[in-house]
Amino acid sequence: MTDMTGTAAPARNQRLSALLNQYGGILAALIVLCVIFSFANERFMTIANLTNILQQVAVVAIAAFGMTWVILLGEIDLSIGSIIAVAGMAGAQALALGWGFAPALAFTLAAGAAMGFINGVLTAKLMLPSFIVTVATMGIYRGLVSLPTNGAPEMIMHPTWIAIGANSFLGLPVIIWIVLALFVFNHILLSRTTFGRRTYLTGGNREAALYSGINVNRLKIAIFTLAGVMAAVSGILLSSRLYSAQTNAGISYELDAIAAAVLGGTSLAGGVGTMIGTLIGALIIGVMNNGMNMLSVPYFYQLIVKGLVIIVAVWLDVRAKQRRG
């Protein structure tokens, strides 16, 4: 019994050391940001504001889970923000036509999956760079969202849809429970399944993946479709919080999603990254957004700050890759 206990303790310490080595830096950055903003504004660390941060993070975090899959594959998806807007409008239109909550929800998720599927097919089957494909579909989807209402917002009155963004369960907003559930789902799918292992292998070494019998094109289409579904969920949460579907919803959210993934350690070269890191990265982005809003930092300055954060994160990723090499 003593031998087993003595063996287990070093193993636990080793796992803890590995976790601190992997996530210690970004956790320290998150804590430093919280301390800075709490000194800058005394309302920052209130329970109400921290809950608001978590609710704001929810939309970005779920979109970032989908973006993490795409980046792990060595690809990029710049249409995420537009898919968020289209999904919100699809749900609002379905509800306006008298559909029930369940059919409207299914229709919205199907719309997100279809848009992601189109991105995947264009990238995989036509062998076009995902950057070019998703820049094009970003504009196409952004145009589509304005067609039903000629650019006007669509109000949402359905009580169940609104409850997603307004109600609480066991003391936490429902929206946070949804994020936690999707985090667990994506984390297990990535770290414990063959699908996840194939994603890592394909992103890290496409030739090796082909030689091992992986259907890379099918995997690519599946991952872009999954990213579309995650963006659709973000669109549902955003529209439920706003009580409406806005045609300008989701603008620049693709930058937040990329920043969250890269800050969390996902390599833009592919093959390296975790959902845990992405969740912490999303929290950093959420704290930055909330803190700058509380300090009344103009929106264009916020874009500059987030752009600089992405540059620094990519630079650190390149340095880490050089050290590994």
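Parameters and conventions
- Residues numbered from 1 in each chain as written.
- Predicted model: local features only at pLDDT ≥ 70, side-chain atom pairs only at ≥ 80, totals over all residues.
- Heavy atoms only, no water.
- Helix = DSSP H or I, 4+ residues; strand = E, 2+ residues; numbered from the N terminus.
- Rg over C-alpha atoms; globule rule 2.2 N^0.38 Å.
- Buried < 20%, exposed > 50% of the residue type's maximum accessible area, 1.4 Å probe, protein only.
- Contact = heavy atoms within 4.5 Å.
- Areas by Shrake-Rupley, 256 points an atom, 1.4 Å probe, with all protein chains shown as cover.
- Lys, Arg positive; Asp, Glu negative; His and termini not counted.
- Charge placed at Lys NZ, Arg CZ, Asp CG, Glu CD.
- Phe/Tyr/Trp six-rings, centres within 6.5 Å; stacked < 30°, edge-to-face > 60°.
- Axes fitted to C-alpha atoms, helices over the stretch in contact; angles between N-to-C directions.
- Parallel < 35°, antiparallel > 145°, perpendicular 65-115°, else oblique.
- Left-handed = near helix turned anticlockwise from the far one by under 90°.
- Nonpolar A, V, L, I, M, F, W, Y, C, P; charged D, E, K, R; others polar.
- Core = buried A, V, L, I, M, F, W, Y, C linked by side-chain atoms within 4.5 Å.
- pLDDT = per-residue confidence, 0-100.
- Patch = residues over 30% accessible without salt bridge, like charges linked within 9 Å, V, L, I, M, F, W, Y side chains within 5 Å.
- Salt bridge = Lys/Arg side-chain N within 4 Å of Asp/Glu carboxyl O.
- Expected span 1.5 Å × (residues − 1).
- Polar contact = N/O pair within 3.5 Å; in protein donor to acceptor, adjacent residues only side chain to side chain.

Caption draft 1: View of the overall build of the chain. A tally of helices and strands in the chain yields 13 helices and four strands. For 325 residues, the compact-globule formula gives about 20 Å, and the C-alpha radius of gyration of the chain, at 20 Å, lands near that figure. Taken over the C-alpha atoms alone, the chain extends approximately 65 × 55 × 45 Å along its principal axes. Put simply, the chain has 325 residues, and 48% of those count as buried. Pairs at least 24 residues apart make up 78% of the contacts formed inside the chain by residues separated by at least 6 positions. Carbon together with sulfur atoms contributes 69% to the accessible area of the chain, which is approximately 15600 Å² in total. Of the charged side chains in the chain, 17 are positive and 9 negative; the average position of the first set lies 7 Å away from that of the second.

Caption draft 2: Highlighting the packing of aromatic side chains. Applying the stated criterion across every chain, the model contains seven aromatic pairs. Ring centres 4.7 Å apart and planes at 45° place the aromatic pair F300 and Y301 in the tilted group. The partly exposed category is assigned to Y301, whose relative accessible area is 45%.

Caption draft 3: View of the packing of helix α11 (residues 253-263) against helix α12 (residues 275-294). One way to put it is that α11 packs onto α12 with a least axis distance of 7 Å and a crossing angle of 125°. Taken together, the axis directions place α11 and α12 in an arrangement best described as oblique. Along this stretch, α11 crosses α12, giving a crossing that reads as right-handed. Contacts between α11 and α12 involve D256, A259, A260, A261 and L263 on the former and, on the latter, G277, T278, G281, A282, I284, I285 and N289. A class-by-class count of the residues in the contact of α11 with α12 yields seven nonpolar, four polar and one charged.

Caption draft 4: Spatial organisation of the nonpolar core. Core analysis: the largest hydrophobic core is formed by 86 residues, its most contacted members being L237 and V287. If we ignore the near neighbours within four places in the chain, the residues touching V287 are L30, L33, C34, F37, F44 and I53.

Caption draft 5: Layout of the confidence of the model for the chain. Mean pLDDT for the chain: 89, with 94% of residues reaching 70 or above. By mean pLDDT, the top-scoring element of the chain is helix α4 (residues 101-124) (97), and the lowest-scoring one is helix α1 (residues 2-40) (74).

Caption draft 6: Structural view of a nonpolar patch on the surface. Taken together, the side chains of F169, L170, L172, W177 and L180 present a nonpolar region at the surface, about 480 Å² in accessible area. Examined against the element boundaries, L172 turns out to sit in strand β3 (residues 172-173).

Caption draft 7: View of the pattern of salt bridges. Summed over the entire model, instances satisfying the criterion amount to one salt bridge. K220 serves as the salt-bridge partner of E75, at 3.2 Å between the closest nitrogen and oxygen. Of this pair, E75 sits in the loop between α2 (47-72) and α3 (80-96) while K220 sits in helix α10 (residues 216-242), and the two are 145 residues apart along the sequence. K220 carries the same exposure label as E75, and that label is buried.

Caption draft 8: Representation of the packing of α3 against α4 in the model. Contact pair α3 / α4: the axes reach a minimum separation of 9 Å and the direction vectors enclose 150°. By the angle class used here, α3 and α4 are roughly antiparallel. The two elements α3 and α4 cross, and the hand of that crossing is right-handed. Taking contact as the criterion, the partners of I83, V86, A87, A90, G91, A94 and L95 in α3 are, on α4, F101, A104, F107, T108, A111, G112, M115, G116 and N119. Grouping the amino acids of the contact of α3 with α4 by side-chain chemistry returns 11 nonpolar, five polar and no charged.

Caption draft 9: Main features of α12. In a regular helix each residue adds 1.5 Å, so 20 residues correspond to 28 Å; α12 covers 28 Å between its end C-alpha atoms and thus fits that length. Across the 20 residues that make up α12, a large majority, 17, are buried. You can read the cap of α12 off the contacts: a side-chain oxygen lies 3.1 Å from the backbone nitrogen of G277, and it is on T274. Of the residues trailing α12, S296 is marked for its positive phi of about 60°.

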